Amino acid sequence: MHWSNLFIPTLRENPAEAEVVSHQLLLRAGYIRQLSAGIYSYLFLAQRSLLKITQIVREEMDAIGAQEMLLPALHPAELWQESGRWNLMGDNMFRLKDRFGRDMCLGMTHEEVMTSIARGELRSYKQLPQIWYQIQNKFRDEPRPKSGLLRVRQFIMKDSYSFDLDAAGLDASYQKHHNAYRRIFDRCGLDYLVVEAHSGAMGGSQSHEFMVASDAGEDFVALCRKCGYSANLEKAVSRPSAPQTADPAGDLAPEEFHTPGRKTIADVAAFTELPETSQIKSLVMVADGAPVLAVLRGDHQLSETKFAGAMGASDIRPAHPEEMRRWLGADAGSLGPVGVKKLRIVADCALQGRHNMIAGANRDDYHLRNVTSGEDFAAEFHDLRQAAAGDACMTCGELLELRKTIEIGHIFKLGYKYSESMGLRVLNTDGAEVPVIMGSYGIGIERILSAAVEQRHDADGMALPVSIAPFVVVVTPVNSAEPTQRRAAEEIYQTCLELGLDALLDDRDERPGVKFKDADLVGIPFRITVGKKLAQGMVELVERRGKKSTDVPVAEAAAAVKSRASDHSTT
Ligand SMILES: Nc1ncnc2c1ncn2[C@@H]1O[C@H](COP(=O)(O)OP(=O)(O)O)[C@@H](O)[C@H]1O
Ligand SMILES: [Mg+2]
Ligand SMILES: [Zn+2]
């Protein structure tokens, strides 16, 4: 293709609205334009890159025997009501009505539709296993769409679903996906981690996330350099750091003291001159409609995922201020577990064995000292906290590292959740009807592109891998108006095409500096510059990543790109 004919609207300045690098560069390089919050148009370059990503995903899914389908994005409410997720998805679901007033929604994911197809057709164990997938738009009314394509309200997902007769079958389907995902992300040139994850609103048991370490990410991962343990922070287990000050000795009784205006853990720490680790943090929660008091060490954060898991609840939320007052007789800031009868109390394990700590007194502006978990209040101990900086690995004791990451893929064992709620059963070898065991597996196509940009860029722009860059090579005559340069460039370009390289000819009537800047910005992995050295039969071959430049004979330029590009695509 000839650059002079193309629509590649590059920008010189960083758009003010873009905070993360991939957002800035995708806008600046003319890949995307925003239509509305979290809704983007993918222009020519983005589309080329996304199609390459999609093709890699498709090849690797086909290689594990997965069958591609395309399901509707528009769903009737009934289907989601059957699985119980019509309510559960809340405001994240885009909802609409048809002309008859019937409730519909835009698909956030496709477990329901896939299960409805399977239950209508699968009758016997002989038809199992099955793996079905699609590459389709998903719609999620994200509360904070931001960071360019990283968190959007309409995005492309590869989602697949496995149907097996038994747990061993599911293990095999899960492992196939695990392997396919590794190959996909390897081929896309990403550096990634595989971490244990919780399975969220999907239900089920085992789950892994594929994560790219990046400050642009919104997920935290805890990882151990020594033994390799790694998990999403929502689910990571850890050994808490030691309290900063030893607890007062002795079997002391709780004692009220006045803390006027001291509402936060930090306020109380400053006031008492005792560290946050000496306090008990009390959080009033509502789990499936029932009030629960969750208590943790002052410096720890509640993991809502662990809390929901410990409660066996599917719907949890913090209590409203009126509820706190009604149930405990005080406002947030003075709440505590001592004397609480009406609420179930759950305590984080880090409080086990601690004594004489500080907690709210359930009286405004008062706290208690000498509070001991399990003595001054009855508590069930659970692992409820998020792993924090300074925590150690449960397995080997090494300090855990916390990293910000971008989730690019997620695999779940769904178990029987959908087959049971929606009635998907087959006859087993004994002729008995049994529910089918399922798995669900997702990859965010745009996230792969964004994560690649986050990982591979420099001050001049993107440095995408050969496998997903919109073009592999750009041939740039320094002076397009100069006939010999122009002709040589045209010939090299043709040879590139003949060798099967995705090539672009920058025939624009622009200063060389502008052409080089644009090529660097949009991230084309190789550039062949045709300039003055043509007189000696040479052109310059520049690798975008690292900007390494070598002179090569005109006749060998295309072949040199071809061989380097194939080296690159296997890394
Ligand atoms: N709002 C979004 N914007 C872009 N990609 C998304 C978004 N939500 C999810 N994805 C992609 O789809 C994959 C599968 O989604 P899923 O695990 O269901 O999402 P989540 O973990 O956000 O609930 C994610 O790993 C991610 O790559
Ligand atoms: Mg996920
Ligand atoms: Zn370890």
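Above this text you will find the structure in question.
Being a predicted model, the structure only gives us computed values, none of them experimental.

**Looking at the sheet that holds strand 4 (residues 74-76)**
- Strand order in the open sheet made by the three strands is 4-6-5, with antiparallel pairing throughout. Edge strands, defined here as strands with exactly one partner in the open sheet, are strand 4 and strand 5 (95-97). Pairwise comparison of adjacent strand axes, ignoring direction, gives a mean angle of 35° for this sheet.
- As judged from the three bridges shared by strand 5 and strand 6 (residues 103-106), these two strands associate in the antiparallel manner. Looking across to strand 6, one finds that K97 is bridged to D103.

**Concerning the coordination of the zinc ion (ligand 3)**
- Those protein atoms acting as donors to the zinc ion (ligand 3) are C224 (SG), C227 (SG), C393 (SG) and C396 (SG), and they sit at 2.3 Å.
- Mapped onto the polypeptide sequence, the residues donating to the zinc ion (ligand 3) form the spacing pattern C-x2-C-x165-C-x2-C. Here C396 lies in the loop between strand 20 (380-382) and strand 21 (401-415) and C224 lies in the loop between strand 11 (219-223) and strand 12 (230-232), a separation of 172 residues in the sequence.
- On the basis of relative accessibility, which here comes to 28%, the residue C396 falls in the partly exposed class.

**Quick notes on the nonpolar core**
- One finds Y31, I53, F185, L190 and I408 to be the most contacted residues of the largest nonpolar core, which totals 65 residues.
- The biggest single contributor to this core is helix 2 (residues 44-63), with seven residues.
- Once residues within four sequence positions are removed from consideration, L190 is found in contact with F185, V212, I408, I448, A451, A452 and Q455.
- Ranked by size, the runner-up nonpolar core spans 25 residues in total, among them M114, F163, F412 and V426.

**Overview of the side chain of R385**
- Relative to the helices and strands, R385 is located in the loop between strand 20 and strand 21.
- The exposure class of R385 is buried, given its relative accessible area of 2%.
- Of note is the side chain of R385, whose polar atom sits 2.7 Å from the backbone oxygen of S238.

**What to know about helix 9 (residues 321-328)**
- For helix 9, the complete set of buried residues consists of E323, M324 and L328. Across the axial projection of helix 9, the buried residues extend over an arc of 100°, all falling on one side. Of the exposed residues in helix 9, the ones pointing more than 90 degrees away from its buried face are E322 and R326.
- In this structure, the buried residues of helix 9 make contact with strand 14 (280-287), strand 15 (290-297) and strand 16 (316-318).
- Downstream of helix 9 by a residue or two, G329 has a phi angle that is positive, lying close to 80°.

**Points about the sheet that holds strand 13 (residues 255-258)**
- Spatially, 13-19-18 is the arrangement adopted by the three strands of the open sheet, whose pairing is antiparallel. The open sheet has two edge strands, strand 13 and strand 18 (357-360), and neither has a second partner. Sheet twist, expressed as the average angle between the axes of neighbouring strands with direction ignored, equals 35°.
- Helix 7 (residues 265-272) contacts strand 13, strand 18 and strand 19 (366-371) of the sheet and is inclined by roughly 95° relative to strand 13.

**Remarks on the coordination of the magnesium ion (ligand 2)**
- Within the protein, the magnesium ion (ligand 2) binds to E407 (OE) and H410 (ND1); these donor distances fall in the range 2.2 Å. For the pair E407 and H410, a shared accessibility class is recorded, and that class is buried.

**Considering the side chain of Q279**
- Locating Q279 in the fold gives a position in the loop between helix 7 and strand 14.
- Since its relative accessible area comes to 3%, Q279 is described here as buried.
- Side-chain polar atoms of Q279 contact the backbone oxygen of I265, separated by 2.9 Å.
- The contact partners of Q279, leaving out residues within four places of it in the chain, are I265, V268, A269, L296, R297, G298, M357 and I358.

**Looking at the packing of helix 2 against helix 11 (residues 445-455)**
- Running from N to C, helix 2 and helix 11 point in directions that differ by 115°, and their axes come no closer than 9 Å. Here helix 2 lies roughly perpendicular to helix 11, going by the angle between them. For the pair helix 2 and helix 11, the sense of crossing is right-handed. Touching S49, L50, I53, T54 and V57 of helix 2 are I445, E446, I448 and L449, all from helix 11.
- Here the contact of helix 2 with helix 11 is built from residues that sort into six nonpolar, two polar and one charged.

**Quick word on the environment of L541**
- Within the fold, L541 resides in strand 30 (residues 538-543).
- With 472 residues separating them in the primary sequence, L541 and M69 have C-alpha atoms 42 Å apart.

**What to know about the site of ligand 1**
- Taken together, 15 residues are adjacent to ligand 1, and R140, E142, V152, E407 and H410 come closest.
- At 3.1 Å, a backbone N or O of I408 approaches an oxygen atom of ligand 1.
- Separating an oxygen atom of ligand 1 from a backbone N or O atom of G409 is a distance of 3.5 Å.
- Relative to its unbound accessible area of 530 Å², ligand 1 is 88% covered by the protein chains.
- Only strand 8 (154-164) and strand 21 provide two or more residues apiece to the shell around ligand 1.
- If you tally residues by element for the shell around ligand 1, the top one is strand 21, at four residues.

**Here's the deal with the environment of F412**
- For F412, the position within the fold is in strand 21.
- As for F412 and Y174, which are separated by 238 residues in sequence, their C-alpha atoms are 7.8 Å apart.

**Looking at the pairing of strand 10 (residues 207-213)**
- Of all seven residues in strand 10, six are buried; the element is thus mostly enclosed.
- When strand 10 meets strand 21, the two strands line up antiparallel, connected through seven bridges. Looking at the pairing, E209 lines up with H410 of strand 21.

**Some details on helix 7**
- Of the positions making up helix 7, those classed as buried are I265, V268, A269 and T272. Each buried residue of helix 7 lies within a common arc of 105° when the element is viewed along its axis, so the set occupies one face.
- Where the residues of helix 7 are buried, they touch strand 13, strand 14, strand 18 and strand 19.
- The first or second residue beyond helix 7 is E273, which carries a positive phi of 55°.

The rules we used
- Residues numbered from 1 in each chain as written.
- Chains lettered and ligands numbered in written order.
- Predicted model: local features only at pLDDT ≥ 70, side-chain atom pairs only at ≥ 80, totals over all residues.
- Heavy atoms only, no water.
- Pairing = 2+ DSSP bridges.
- Helix = DSSP H or I, 4+ residues; strand = E, 2+ residues; numbered from the N terminus.
- Axes fitted to C-alpha atoms, helices over the stretch in contact; angles between N-to-C directions.
- Donors = N, O, S within 2.8 Å, 3.2 Å for Na, K, Ca; no water.
- Buried < 20%, exposed > 50% of the residue type's maximum accessible area, 1.4 Å probe, protein only.
- Core = buried A, V, L, I, M, F, W, Y, C linked by side-chain atoms within 4.5 Å.
- Contact = heavy atoms within 4.5 Å.
- Polar contact = N/O pair within 3.5 Å; in protein donor to acceptor, adjacent residues only side chain to side chain.
- Arc of directions from axis to C-beta.
- Parallel < 35°, antiparallel > 145°, perpendicular 65-115°, else oblique.
- Left-handed = near helix turned anticlockwise from the far one by under 90°.
- Nonpolar A, V, L, I, M, F, W, Y, C, P; charged D, E, K, R; others polar.
- Near = heavy atom within 4 Å.
- Areas by Shrake-Rupley, 256 points an atom, 1.4 Å probe, with all protein chains shown as cover.

Fair warning: the whole summary comes from geometry, so function is off the table for now.
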